[in-house]
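Overview (structure and organization)
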Amino acid sequence: MSRETSEKGSILIVDDNPTNLGVLSDYFSDSGWEILVAQDGEAAIETVEYAHPDIVLLDIIMPVVDGFETCRHLKANPSTKDIPVIFMSALSETVDKVRGFQLGAVDYISKPVQQEEVLARVNTHLSIRNLTRRLQEQNIRLQQEIRNRQQAEEQLLGLQAELYQALAQEKELNELKSRIISTISHEYRTPLTIISSSAEILEAYRHKLDESKQLKHLERIKIAANHLTDLVNDVLFLSRVEFEKLEFQPEFIDLVSFFRELVEELQVGVNEAHQLIFTSSGECRQFYGDTKLLRQIFTNLFSNAFKYSPNGGKVSIQLICETHQVILQVGDQGIGIPPEDQGKLFDSFNRGKNVGTIAGTGLGLSIVKKCVELHNGKILVESVVGTGTTFTVSLPLREPINLPIGTHQQQNYD
Ligand code: ATP
Ligand code: MG
């Protein structure tokens, strides 16, 4: 076995006949090849495994391990299976040639061989092998490129989604901004106009007005100022909730009497076209909740029920005390809420499309929702346009932590 370095490539010639081996070795060596030789199958396998020649010329009939067996061995080994093998044999039956190809050889040359033909075939197979290698490398590069591109596309899609989200948020914010501006300019301007016009009249004509007229203007100023105060209070209340500065201050409450008193208090301003019905079932003497927040919930639902049933009708308030929860229902027979608006009403400054000239800022229900959430409760709306609306608030009964039941002491809870 010998080895010389060459630019052309290396070839392993395997033949048990020293004359054949010598002739081919000289010829390939003269043609500039690096030559490796072996005289039997075992030596051939060993040489291929350690020297990795570019191509193998393999005799078939050899003692112990023949050429077929040698080829099977080389093709079964992952590190040598891609090295092209050309059989050279005196076996010239088709069945032998087919067997050679089935074992993975790239060619089959019948002996006696012509050196020029062997060289031409070797060159051809090496070119094919080189091209195959280049194709495989290119394939790997292409696959990597595809993977990179897919990653880039995924990143792009992610960025696109973020962008759409940001745009949607921006759009929502802009809509909110314009709703706030239009609501505030409308809701604040009306009472301000009343105040300034009544004040101007009093200033310029008070000596010409009798006392009752003067009082009427003062009353108008008072109502408008109160309305403005309510608006400012609503906005302040919501911002306190938003910034989590609103503390939940629970105490034990007898809910039935609490709501009965509230109904009596609010009933004073109720228009005669309405019929007010308050019913309660069960007992909630030890409800642990925040009276300020419960008041907000009730007054807003109560005032909405009247405000949005301008033609009158029944307003029913039902308090149901169950074992684990309290349910408060406020129902009316008013204008109803269009289905497409129902989902948005609990967000600030949102109003139904059917409100017409009924005044409002769209803050009440967002306040109600926050107060219900501070009680860990839920609020639902059922409404049919032109028929009426029912709001259902359910509040779970909760036990105070570290506080003996029956103690009427205020404490921050949550
Ligand atoms: P305010 O801040 O003065 O309460 P508002 O009544 O417009 O103003 P919300 O109480 O938040 O605001 O109500 C939001 C919207 O929900 C209302 O504008 C109205 O379209 C609709 N709505 C609320 N309650 C009723 C009801 N009982 N019947 C019909 N529509 C209602
Ligand atoms: Mg309201």
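Residues numbered from 1 in each chain as written. Chains lettered and ligands numbered in written order. Predicted model: local features only at pLDDT ≥ 70, side-chain atom pairs only at ≥ 80, totals over all residues. Heavy atoms only, no water.

Attention now moves to the confidence of the model for the chain. This prediction gives the chain a mean pLDDT of 90; 94% of its residues lie at or above 70. Taken together, the stretch residues 1–5 has pLDDT below 50 and engages in 14 contacts with residues farther than four places along the chain or on a different chain. Confidence over residues 402–414 falls short of pLDDT 50; this stretch has 33 contacts with residues more than four positions distant or in other chains. (pLDDT = per-residue confidence, 0-100. Contact = heavy atoms within 4.5 Å.)

Before going further, it helps to examine the pairing of strand 1 (residues 10–14). In terms of burial, strand 1 is a largely internal element, 5 of the 5 residues being buried. The alternating pattern of strand 1 places S10, L12 and V14 on one face and I11 and I13 on the opposite face, and all of these are buried. Inspection of the sheet shows strand 1 paired to strand 2 (residues 34–38) by 5 bridges, in the parallel sense. Within strand 2, the residue paired with S10 across the bridge is E34. Between strand 1 and its parallel partner strand 2, the chain crosses via helix 1 (residues 18–30), and the hand of that crossover is right-handed. In the sheet, strand 1 pairs with strand 3 (residues 55–59) via 4 bridges, with the strands oriented parallel. Pairing of L12 across the sheet is with V56, part of strand 3. (Buried < 20%, exposed > 50% of the residue type's maximum accessible area, 1.4 Å probe, protein only. Helix = DSSP H or I, 4+ residues; strand = E, 2+ residues; numbered from the N terminus. Pairing = 2+ DSSP bridges. Right-handed = clockwise from strand over helix to strand, strands pointing away.)

Looking now at the sheet that holds strand 3. Taken in spatial order, the 5 strands make up an open sheet running 2-1-3-4-5, and their pairing is parallel. The open sheet terminates on both sides in strands that have one partner only, identified here as strand 2 and strand 5 (107–110). Going across the sheet, the axis of each strand differs from the next one's by a mean of 20°, ignoring polarity. Looking at chain direction, strand 3 and strand 4 (residues 85–89) are connected through 4 bridges and run parallel. From the neighbouring strand, D59 faces strand 4, where its bridge partner is M88. (Axes fitted to C-alpha atoms, helices over the stretch in contact; angles between N-to-C directions.)

Here T361 is to be found in the loop between helix 9 (339–342) and helix 10 (364–374). The class for T361 is buried, based on a relative accessible area of 11%. With near-sequence residues (within four places) excluded, T361 lies in contact with T183, E187, L231, F349 and R351.

This paragraph deals with the site of ligand 1. Around ligand 1 sit 19 residues, and of these Y308, R351, G352, T361 and L365 come closest. Side-chain polar atom of Y308 to an oxygen atom of ligand 1: 2.7 Å apart, as the coordinates give it. A distance of 2.8 Å is found between a nitrogen atom of ligand 1 and a side-chain nitrogen or oxygen belonging to D332. With the chains in place, 95% of the 590 Å² that ligand 1 exposes on its own is no longer accessible. Elements with a contribution of two residues or more to the shell around ligand 1: helix 8 (291–307), helix 10 and strand 12 (388–396). In terms of residue class, the shell around ligand 1 is made up of 7 nonpolar, 9 polar and 3 charged. (Near = heavy atom within 4 Å. Polar contact = N/O pair within 3.5 Å; in protein donor to acceptor, adjacent residues only side chain to side chain. Areas by Shrake-Rupley, 256 points an atom, 1.4 Å probe, with all protein chains shown as cover. Nonpolar A, V, L, I, M, F, W, Y, C, P; charged D, E, K, R; others polar.)

Okay, the sheet that holds strand 7 (residues 274–281) next. The strands making up a sheet associate through hydrogen bonds between their backbones, and the pairing can be parallel or antiparallel. Spatial strand order, 7-9-10-12-11: 5 strands in an open sheet with mixed pairing. The open sheet has two edge strands, strand 7 and strand 11 (378–384), and neither has a second partner. Put simply, the sheet's adjacent strands are angled 10° from each other on average, direction ignored. Here strand 9 (residues 313–321) runs beside strand 10 (residues 325–332); their pairing, made up of 6 bridges, is antiparallel. Counterpart to S316 in the pairing with strand 10 is G331. Of the strands in this sheet, strand 7, strand 9, strand 10, strand 11 and strand 12 are in contact with helix 8, which crosses strand 10 at around 20°.

Take helix 6 (residues 211–242) next. Counted at 1.5 Å a residue, the expected span for helix 6 with its 32 residues is 46 Å, and the 46 Å between its end C-alpha atoms agrees. Of the residues making up helix 6, those classed as buried are H217, I221, A224, L228, L231, D234, F237, L238 and V241. On its buried face, helix 6 sits against helix 5 (115–205), helix 8 and helix 10. (Expected span 1.5 Å × (residues − 1).)

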